[in-house]
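Next come the chains, spelled out residue by residue.
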Amino acid sequence: MKNFTLSVLFVLVTFSISAQELPTALQTAYDSYIKEFPITKVYLHTDRTLYKTNETLWFTAYIVDAQNKPTASNQTLFAE
């Protein structure tokens, strides 16, 4: 049983050591992907949380990138 525990511990330590090198490669791949295909999100800010039928809904729309910063390009948002 002791040998089995030591073997499992050795395997876990080996995987954790080799995993230390992956984030740099993954971060580089992610950065190049984001540059080629930028992620944009839309946030709608409404004036209330609940509305009744036929009430006017006032809202402000924000188009942001993956880091929640305003996008540099002008984009049109259609809301219906």
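For the structure itself, consult the block above.
The residue count restarts for each chain, going from 1 along the sequence in the order it is written. Per-residue local features of the predicted model are confined to residues with pLDDT of at least 70, and side-chain atom pairs are confined, for both listing and counting, to 80 or more; whole-chain, interface and lining totals are unaffected and use all residues. Neither water nor hydrogens contribute to the side-chain values; these are computed over all heavy atoms in the structure.

Q: Before we move on, can you summarise the overall build of the protein with the specific residues and values?
A: Per the convention used, a helix needs a DSSP run of H or I reaching at least four residues, while a strand needs a run of E reaching at least two, with both numbered from the N terminus. Summing up its helical and strand segments, the protein has two helices and two strands in all. Between buried and exposed lies partly exposed: a residue is buried under 20% and exposed over 50% of the maximum accessible area for its type, with that area taken using a 1.4 Å probe on protein chains only. Across the 80 residues that make up the protein, the buried fraction comes to 4%. For the protein, restricting intrachain contacts to residue pairs at least 6 apart in sequence, the fraction spanning at least 24 positions comes to 29%. By the convention used here, residues are in contact when the closest approach between their heavy atoms is within 4.5 Å.

Q: Now, about the packing of aromatic side chains: what can you tell me, with residues and values included?
A: Pairing of aromatic side chains requires ring centres within 6.5 Å, counting the rings of Phe and Tyr and the six-membered ring of Trp. Pairs whose planes differ by under 30 degrees are stacked, by over 60 edge-to-face, and all others tilted. Considering all chains together, one arrives at one aromatic pair under this definition. Centroid distance tyrosine 33 to phenylalanine 37: 5.3 Å. Interplanar angle 45°. Geometry classified as tilted. Residue class for tyrosine 33 comes out partly exposed when judged on its relative accessible area of 46%. Take phenylalanine 37: its relative accessible area is 45%, and that puts it in the partly exposed class.

Q: Which residues make up unusual backbone geometry, and what values go with them?
A: Despite not being glycine, asparagine 54 shows a phi value in the positive range, around 70°. Topologically, asparagine 54 is positioned in the loop between strand E1 (40–46) and strand E2 (59–65). For asparagine 68, which is not glycine, the phi torsion reads 60° and is therefore positive. Within the fold, asparagine 68 resides in the segment after E2.

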